[in-house]
Amino acid sequence: MRIDRRTLLTLAAGAPLACALPARAAPNRTFRITMVLGRGESDNEAGFKDYLARRGLKVEYAIRDTGGDPAKLPTIVQEIRDTRPDLIYSWGTPQTRAIVGPYDAPDPKVHITDIPVVFTFVAAPVDARIVPDLARPGRNVTGTVHIAPIPVQLSTILAYRPIRRLGIVYNPQERNSVLNVEGLRAEAPPRGVELLEEPVPLGASGQPLAGELPALIARLAQRGAEMLYVGPDTLVASLNRALVSEEALRHRLPTFSATEAIVRADKGMLALASSSYGIGRFTAFKAAQILMDGTSPAVIPVETLKRFSVLINMPVARALEFYPPIGLLNLAEVVGS
């Protein structure tokens, strides 16, 4: 599958559903929402809050951030059980799985099964067993998917520059990341691309050793990787994105990212991504259906924001002397030019 102008325009077209503001009076009450995060507040949460404020909802937010430490989640879940907010906002696969459990074996003593949950930044909610069906979740959970399909991601990479070896560093303890790697394993070889994998080693406690990231990136460069793929991985793309992009640049390794922050805020070179702010608004659109309309999350579809943009960090492209073709450049959003 080659990416062409029509495909890119299709990805970039169409306003997200979250932009719609139905003229329905907001309830005269204050809602309580607990936000469970993994890397602090960002544009995603700003978009969520802004949408609900524009709808006229009064909301008290309780922010709980694991900082990437899953050991904090049981205490957060117990607090939610004790305080019983009107809604739970959950960022990322690890947080969401810890809160709601697998769809086929939730434990009411451990997981939240009777409070509405909306998730965001979960790349594969069915494969991660968060919901059994995107069209009809069938439980107290709904949300949004934030990444473009892997075939389209690979087509974007190859539209920028034909390559034969794509490197990836990932957290083998994050289900989201493992599923993404499995998708790349299936899609890359038919395009003549070898996937070079470097899983992050685990420490004695079973947690990934982030301090090994520089060595892993150096090893990929030595193995002949022509581009570093940065997937929807909390450890790599969120908690350590500055380190990852700087090390890749130091080894003259261009980066492609499935999310936008590493290109907008750091030294990533290329991304195919939705706006974090827009994803937050789209997630709030679903939250409003629950809070304002009384709709059960069980019947609210899990959806992907239909708008994706190609982002190119031109200062990084210049530093690497890895320039984009004019056809792609004409369609891309240029960052830092």
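Residues numbered from 1 in each chain as written. Predicted model: local features only at pLDDT ≥ 70, side-chain atom pairs only at ≥ 80, totals over all residues. Heavy atoms only, no water.

Asker: Give me the lowdown on the packing of helix H7 (residues 213–222) against helix H9 (residues 241–250), citing residues and values where you can.
Answerer: Where H7 meets H9, the closest approach of the two axes is 10 Å, and the angle between their N-to-C directions is 35°. Two packed elements cross with a definite hand, and for H7 against H9 that hand is right-handed. Note on element contacts: H9 touches H7 through Leu243, Val244, Glu247 and Ala248, opposite Leu213, Pro214 and Ile217. When its residues are assigned to classes, the contact of H7 with H9 shows six nonpolar, no polar and one charged. (Axes fitted to C-alpha atoms, helices over the stretch in contact; angles between N-to-C directions. Helix = DSSP H or I, 4+ residues; strand = E, 2+ residues; numbered from the N terminus. Left-handed = near helix turned anticlockwise from the far one by under 90°. Contact = heavy atoms within 4.5 Å. Nonpolar A, V, L, I, M, F, W, Y, C, P; charged D, E, K, R; others polar.)

Asker: Could you give me a rundown of the sheet that holds strand S12 (residues 309–313), with the residues and numbers involved?
Answerer: The sheet built from seven strands is open, its strands ordered S7-S6-S8-S9-S10-S12-S13 with mixed pairing. The strands lining the two open edges of the sheet, one partner per strand, are strand S7 (194–199) and strand S13 (333–335). Going across the sheet, the axis of each strand differs from the next one's by a mean of 25°, ignoring polarity. When S12 meets S13, the two strands line up parallel, connected through three bridges. Note on S13: the bridge partner recorded for Ile312 is Val334. Its contacts with the sheet place helix H5 (residues 150–160) against strand S6 (165–170), strand S8 (227–230), strand S9 (255–257), strand S10 (270–273) and S12, and it is angled at close to 150° to S10. Running over the sheet, H7 touches S6, S7 and S8 and is turned about 165° from S6. (Pairing = 2+ DSSP bridges.)

Asker: Give me the lowdown on the nonpolar core, citing residues and values where you can.
Answerer: Ile157, Tyr160, Leu166, Met227, Tyr229 and Met269 are the most contacted members of the largest nonpolar core, which totals 35 residues. Looking at this core, the elements that each hand over two or more residues are H5, S6, helix H6 (175–187), S8, S10, S12 and helix H12 (314–320). When residues of this core are assigned to their parent elements, the largest contribution, six residues, is made by H5. With residues up to four places along the chain from it excluded, the contact list for Met227 reads Ile157, Ile163, Arg165, Leu166, Gly167, Leu253, Pro254, Thr255, Phe256, Met269 and Phe322. (Core = buried A, V, L, I, M, F, W, Y, C linked by side-chain atoms within 4.5 Å. Buried < 20%, exposed > 50% of the residue type's maximum accessible area, 1.4 Å probe, protein only.)

Asker: I'd like a rundown of the environment of Val181, residues and numbers included.
Answerer: Among the structural elements, Val181 can be located in helix H6. Excluding its chain neighbours within four sequence positions, the residues that come into contact with Val181 are Ile168, Tyr170, Leu195 and Glu197.

Asker: Hey, could you go over the confidence of the model for the protein for me, with residue numbers and the actual values?
Answerer: Confidence in the prediction for the protein averages 90 pLDDT; 92% of positions are at 70 or higher. In this model, residues 9–19 is a region of pLDDT below 50 whose contacts with residues beyond four sequence positions or in other chains number 22 contacts. (pLDDT = per-residue confidence, 0-100.)

Asker: Go over the packing of aromatic side chains, please, and point to the residues and values.
Answerer: Taken as a whole and assessed by the stated rule, the structure comprises five aromatic pairs. Above the plane of the ring of Phe322 lies Arg161, whose end atom (NZ or CZ) is 4.0 Å from the centre. (Phe/Tyr/Trp six-rings, centres within 6.5 Å; stacked < 30°, edge-to-face > 60°. Lys NZ or Arg CZ within 6 Å of the ring centre and 35° of its normal.)

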